[in-house]
Amino acid sequence: MEILHLFISNGHNYVGHHGGPPGRHAIRGVDSIRCIAGKGIEGDRYFAHKDGFKGQITFFADEVYRDLCAQFAVTEPTPSAFRRNVITRGLELNSLIGREFEIQGVRFFGTEECRPCDWMDEAFTSGAKEAMRGRGGLRARIATDGTLRVGGCAQTARDRGDPSGFQTHSPHDS
């Protein structure tokens, strides 16, 4: 599998904006992100959001992005429009729901699909929300500290018997 893009933003454009215009917080493409177990990504809007937060990091498949571009005959916007942190290629994201997995030495636990919201029609194109059902990406908890970088890498996954017993390990827990 390959990490094509990494994105962070210091503020919310859609959360808390229902019924109003989106916010104006830029999403920045970066070469690497620092993942902190149980907290999230340093510098991202969801860092230390709340204990046990299911979306400490989000993933989105480039294959879905390309399919949406073809389906709607668009070349813009870029994958950053979906405001997911990690854009991957060659990784079946829904297969990681309820599973522990590792990328570039960082361990994660896939918690749920990152379901598309109404804003997808505005952020990408009309009809995107419906077209993304069942393939909106993956929300995950971060289990170990580490750094993800753009580029190719190995990925491993294993089933966890009881996701509610998921534990995070961090040198910050001392």
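Residues numbered from 1 in each chain as written. Predicted model: local features only at pLDDT ≥ 70, side-chain atom pairs only at ≥ 80, totals over all residues. Heavy atoms only, no water.

Draft legend 1. Region of interest: the sheet that holds strand β3 (residues 32-36). Spatially, β4-β3-β10 is the arrangement adopted by the three strands of the open sheet, whose pairing is antiparallel. Sheet topology places β4 (40-41) and β10 (146-149) at the edges, where each strand pairs with a single neighbour. (Pairing = 2+ DSSP bridges. Helix = DSSP H or I, 4+ residues; strand = E, 2+ residues; numbered from the N terminus.)

Draft legend 2. Quick look at the nonpolar core. Core analysis: the largest hydrophobic core is formed by 37 residues, its most contacted members being I33, I57, F59, I103, F108 and L148. Among residues more than four places away in sequence, those in contact with F108 are C35, I57, F59, R99, E100, F101, I103, A140, R141, I142, A143 and L148. (Core = buried A, V, L, I, M, F, W, Y, C linked by side-chain atoms within 4.5 Å. Buried < 20%, exposed > 50% of the residue type's maximum accessible area, 1.4 Å probe, protein only. Contact = heavy atoms within 4.5 Å.)

Draft legend 3. Representation of the pairing of β3 within the structure. Bridge analysis of β3 against β10 gives four bridges, and the strand direction is antiparallel. Paired with C35 across the strands is G146, a residue of β10. Bridge count for β3 against β4 is two bridges, and the pairing is antiparallel. Its bridge partner lying in β4, I36 is registered against G40. The turn linking β3 back onto β4 is made up of three residues, and G38 within it adopts a positive phi angle of 75 degrees.

Draft legend 4. Spatial organisation of the packing of aromatic side chains. Inspection of every chain in the model, using the stated rule, returns eight aromatic pairs. Through successive ring pairs, a cluster of aromatic residues spans F60, Y65, F82 and F124. (Phe/Tyr/Trp six-rings, centres within 6.5 Å; stacked < 30°, edge-to-face > 60°.)

Draft legend 5. Spotlight on the confidence of the model for the protein. Overall, the prediction assigns the protein a mean pLDDT of 85, with 80% of residues at 70 or greater. Contacts for the low-pLDDT stretch residues 161-174, under 50 throughout, to residues beyond four places or in other chains number 24 contacts. (pLDDT = per-residue confidence, 0-100.)

Draft legend 6. Quick look at the environment of G151. Considering the arrangement of structural elements, one finds G151 in strand β11 (residues 151-152). A relative accessible area of 19% means that G151 is categorised as buried. In this structure, the C-alpha to C-alpha distance between G151 and S32, residues 119 residues apart in sequence, is 9.8 Å. Apart from residues lying up to four places away in sequence, G151 is in contact with E2, I3 and Q104.

Draft legend 7. Spotlight on the pairing of strand β7 (residues 99-103). Relative to strand β8 (residues 106-113), β7 is paired through four bridges, and the arrangement is antiparallel. In the strand pairing of β8, F101 is matched with F108. The hairpin formed by β7 and β8 contains two residues between the paired strands, and Q104 there has a positive phi angle of roughly 50 degrees.

Draft legend 8. Broad picture of helix α1 (residues 62-72). Turning to α1, its buried residues are D62, V64, Y65, L68 and C69. In an axial view of α1, the angular spread of the buried residues amounts to 160 degrees, which keeps them on one side of the axis. Facing away from the buried side of α1 by more than 90 degrees, the exposed set consists of R66 and A70. Against β1 (2-8), β5 (57-61), β6 (86-89) and α3 (128-131) lie the buried residues of α1. (Arc of directions from axis to C-beta.)

Draft legend 9. Spotlight on the environment of G52. Mapped onto the secondary structure, G52 falls in the loop between β4 and β5. The exposure class assigned to G52 is partly exposed, which follows from its relative accessible area of 42%. Along the primary structure G52 and G38 are separated by 14 residues, whereas in three dimensions their C-alpha atoms are 6.8 Å apart.

Draft legend 10. Structural detail: the side chain of D44. In this structure, D44 sits in the loop between β4 and β5. Polar side-chain contacts of D44 include one of 3.1 Å to the backbone nitrogen of S9. Ignoring anything within four residues of it in the chain, the contact list for D44 reads I8, S9 and N85. (Polar contact = N/O pair within 3.5 Å; in protein donor to acceptor, adjacent residues only side chain to side chain.)

Draft legend 11. Up close: the side chain of E112. Positionally, E112 belongs in strand β8. Owing to a relative accessible area of 14%, E112 belongs among the buried residues under this scheme. Beyond its immediate sequence surroundings of up to four residues, E112 is in contact with K54, I97, G137, L138 and R139.

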